[in-house]
Amino acid sequence: MTPTAAAARASAASMATGGNSGTCASSGGSVLPPPIPATVRLRLARLLPLLPALATIALLAVPVAPGDVSASGKVTPADAASAVLVVTCALRLLRQRRRVLSPAAAALLGAPLLGFAAAAVTDVDPVLGAAGFLRYAQVFVLVPAAIVLTVRDRRDADVLATAVVGLALVQGTVGTWQYATGTGASYMGRDVRAVGTFGPSDIMGMATVVAYGLVIAVCYALVPGRARWVRPAALACAVALVVPLAVSFSRGTWIATAVAIAAVVPLAGRRRAVRILAAAAACAVLLTGGLGVGSRLLSDRLTSITQVTDAPDHSVTDRYALWSAAVAVWREHPALGVGLKRFPAERDTHASLALSAASDTAGAGQSFVREPLLSPHNMYLLALSEQGLLGCTLLTGCWLGLLTLSVARLARARGGPPAVRGLGADRRNGVGLAAVGLLVWTCVDFLYADIGGPVTVLTSTVLGLAAWWALDPHDGRAR
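Just so it is clear, the model here is predicted, and its values are computed rather than measured. (Residues numbered from 1 in each chain as written. Predicted model: local features only at pLDDT ≥ 70, side-chain atom pairs only at ≥ 80, totals over all residues. Heavy atoms only, no water.)

A. Quick peek at the overall build of the chain. If you tally the helices and strands in the chain, you get 19 helices and four strands. The long-range share in the chain, meaning contacts at least 24 apart out of those at least 6 apart in sequence, stands at 79%. For the chain, the exposed area adds up to about 21,900 Å²; of that, 67% sits on carbon and sulfur atoms. (Helix = DSSP H or I, 4+ residues; strand = E, 2+ residues; numbered from the N terminus. Contact = heavy atoms within 4.5 Å. Areas by Shrake-Rupley, 256 points an atom, 1.4 Å probe, with all protein chains shown as cover.)

Structure, rendered in structure tokens:
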């Protein structure tokens, strides 16, 4: 046998043996899985620092158990995830030993802590004051700062914005189904009010989530995206979210959404905005009409917005009474307020007899319950009564500063030279528009609502996303 023939025969035998051994190894379960592509590993590695923030958003889709979710001491899964977010961010900063925010940015973001601390120290109940300080610090300082320090570039901001829209679609789908099947919260004697997974004890929860998602979707639909599918996908999400927002029957949320969209439209360019909004309005009319959303209930609810003085309903009367009580509490403690979480204890001694002190809730899997009105349903008056002029000024000043910086950075990104605009202003203005829209929405909505319930942690998350756009020292470039 020639050497060539022997080598060929040996090679064939080796191949046959290898095939048999491979089969045996497969049957024995020792075959290794195929390696993960490098691009997939890179994307997973980029998402790893964002996991606590994404978990905070995703856990808001978990159904809420019946009961008063706004009660003190109630910790939801989303709250726990936000605590993990803050801790992991702190550990990462300690390990890297580097300063990300400028002193001015850190001072702006941390200024409300002074008001919280002053109100907590002067509180007649130290335990209640400490609990209030931790809650306010979590919502308005710690979680937003953690988001600012976690988001590295525009792509990370896009991921968080997409997660909020995804959550809004999930909650909106549940809410629309509740309206269509008559399994929602009780409204005007019918179980048609869309509340999502939050239940009737937190009727503002789904409306807030859907409104945040709608504002983000509209902002991304107003500007070009990195891919051609981004704009039509955002427009489709915006149109779809109109339905659950409508059947939430939340007048304050409707007003805040309309004001926020009206604020961002001029910033996106008039021609582009008119085309997008005209198409969205046409689709929304067809969609809502097809689902029967334009019903008498919705019409009556819209009409009631203009009847806050002539013939207000009972909820409006209660709100006026709560606002008057909050102002009366502040007049007795103008500088530092009555103390954090002290408004419920002071309410009855300062409210008028017109206040019913509780609202009726039922439906969506819950029996009839009288929910106590424990806040003035106005964040500014709540801060004024509990923290005084000092705390209210620092808190609202922080929001105003973030809004001013967000608009200024958006203007620089759209109108600056290429060296300033970096990778392209138009491609990243979706994040900037969303930041402005979210801040405007929150500031307007706080005229009719305040913090409370599981959705509060989402408010802190979107505030952090907006703060990143306003305060990011790297101007959106990857780091």
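B. Region of the structure containing the pattern of salt bridges. Within this structure, the stated rule accounts for four salt bridges. Notably, a salt bridge pairs Asp158 with Arg154, separated by 3.7 Å at the nearest N-O pair. Of this pair, Asp158 and Arg154 are both found in helix α8 (residues 154-181), four residues apart, which corresponds to roughly one turn of the helix. With relative accessibility at 8%, the residue Arg154 sits in the buried group. (Salt bridge = Lys/Arg side-chain N within 4 Å of Asp/Glu carboxyl O. Buried < 20%, exposed > 50% of the residue type's maximum accessible area, 1.4 Å probe, protein only.)

C. View of the pairing of strand β2 (residues 190-193). Sheet topology note: the strand β1 (residues 185-187)/β2 ladder contains three bridges and is antiparallel. The residue of β2 that forms the bridge with Ala185 is Arg193. (Pairing = 2+ DSSP bridges.)

D. Structural view of the state of the cysteines. Enumeration over the complete set of coordinates arrives at zero disulfides. Cys443 carries a free sulfur, and the closest cysteine sulfur to it, the one in Cys398, is 9.7 Å from it. (Disulfide = S-S within 2.5 Å.)

E. Spatial organisation of a nonpolar patch on the surface. On the surface, Val87, Leu91 and Leu94 cluster together to form a nonpolar patch covering roughly 300 Å² of accessible area. When you line up the elements, Leu91 lands in helix α4 (residues 77-96). (Patch = residues over 30% accessible without salt bridge, like charges linked within 9 Å, V, L, I, M, F, W, Y side chains within 5 Å.)

F. Molecular detail of the nonpolar core. If you look at the biggest cluster of nonpolar residues, it comprises 117 residues, and the most contacted ones within it are Phe140, Met379, Trp399, Leu458 and Leu471. Setting aside residues no more than four positions away along its own chain, Leu458 makes contact with Ile57, Leu60, Val164, Leu167, Val209 and Tyr212. (Core = buried A, V, L, I, M, F, W, Y, C linked by side-chain atoms within 4.5 Å.)

G. The arrangement of the packing of aromatic side chains in detail. Summed over all chains, the structure comprises 10 aromatic pairs. On the numbers, 5.6 Å between centres and 50 degrees between planes, the contact of Phe140 with Trp399 is tilted. Of the two residues, Phe140 sits in helix α7 (residues 126-150) while Trp399 sits in helix α16 (residues 379-415), which places them 259 residues apart along the sequence. In this pair, the class of Phe140 matches that of Trp399, namely buried. Linked through ring pairs, Phe116, Tyr136, Phe140, Tyr380, Trp399 and Phe446 together constitute an aromatic cluster. (Phe/Tyr/Trp six-rings, centres within 6.5 Å; stacked < 30°, edge-to-face > 60°.)

H. Representation of the confidence of the model for the chain within the structure. When pLDDT is averaged along the chain, the result is 80; 72% of the residues meet or exceed 70. Within the model, pLDDT remains below 50 along residues 10-28, and this stretch shows four contacts once partners closer than five positions in the same chain are excluded. Predicted confidence for residues 416-427 stays below pLDDT 50, and this span has 15 contacts to residues more than four positions away or in other chains. (pLDDT = per-residue confidence, 0-100.)

I. Structural context of helix α3 (residues 51-58). Restricting attention to buried positions, one finds in α3 the residues Pro52, Ala53, Leu54, Thr56 and Ile57. On its buried side, α3 packs onto α4, α7, α8 and α19 (456-471).

J. View of the side chain of Arg193. Topologically, Arg193 is positioned in strand β2. At 2.8 Å, the side chain of Arg193 and the backbone oxygen of Ser248 are in polar contact. (Polar contact = N/O pair within 3.5 Å; in protein donor to acceptor, adjacent residues only side chain to side chain.)

K. Quick peek at the packing of helix α6 (residues 112-121) against α7. At a closest axis distance of 9 Å, the pairing of α6 and α7 adopts a crossing angle of 170 degrees. Judged by the inter-axis angle, α6 sits roughly antiparallel to α7. Contact residues: Pro112, Leu113, Phe116, Ala117 and Ala120 in α6; Gly129, Phe133, Tyr136, Ala137, Phe140 and Val141 in α7. Counted by class, the contact of α6 with α7 contains 10 nonpolar, one polar and no charged residues. (Axes fitted to C-alpha atoms, helices over the stretch in contact; angles between N-to-C directions. Parallel < 35°, antiparallel > 145°, perpendicular 65-115°, else oblique. Nonpolar A, V, L, I, M, F, W, Y, C, P; charged D, E, K, R; others polar.)

L. Spatial organisation of the environment of Ala106. Here Ala106 shows up in helix α5 (residues 103-110). Along the chain, Ala106 and Leu471 lie 365 residues apart, while their C-alpha atoms are 8.8 Å from each other.

M. Helix α10 (residues 230-246), seen in detail. Taking 1.5 Å per residue as the helical rise, α10 with its 17 residues ought to reach 24 Å, and the 25 Å between its terminal C-alpha atoms agrees with that figure. Buried within α10 are the following residues: Val230, Ala234, Leu235, Cys237, Ala238, Val239, Leu241, Val243, Pro244, Leu245 and Ala246. (Expected span 1.5 Å × (residues − 1).)

N. Local environment of the environment of Leu384. Turning to its location among the elements, Leu384 is positioned in helix α16. Taking C-alpha positions, Leu384 is 8.4 Å from Leu336, a pair spaced 48 residues apart along the chain. Once you skip the residues sitting within four places of it in the chain, Leu384 turns out to touch Trp330, Gly337, Leu389 and Cys392.

O. Region of interest: the packing of α3 against α8. Between α3 and α8, the shortest axis-to-axis distance is 9 Å and the interhelical angle comes to 15 degrees. Between α3 and α8, the interaxial angle falls into the category roughly parallel. Considering only the axes of α3 and α8, their crossing is right-handed. For the pair α3 and α8, the contacting residues are Ala53, Leu54 and Ile57 in the first and Val159, Leu160, Ala163, Val164 and Leu167 in the second. (Left-handed = near helix turned anticlockwise from the far one by under 90°.)

P. Molecular detail of the environment of Leu245. Within the secondary structure, Leu245 is located in helix α10. Along the primary structure Leu245 and Thr257 are separated by 12 residues, whereas in three dimensions their C-alpha atoms are 9.5 Å apart. Those residues in contact with Leu245 that lie beyond four places of it in its chain are Ala207, Val210, Ala211, Leu214, Thr253, Trp254 and Thr257.

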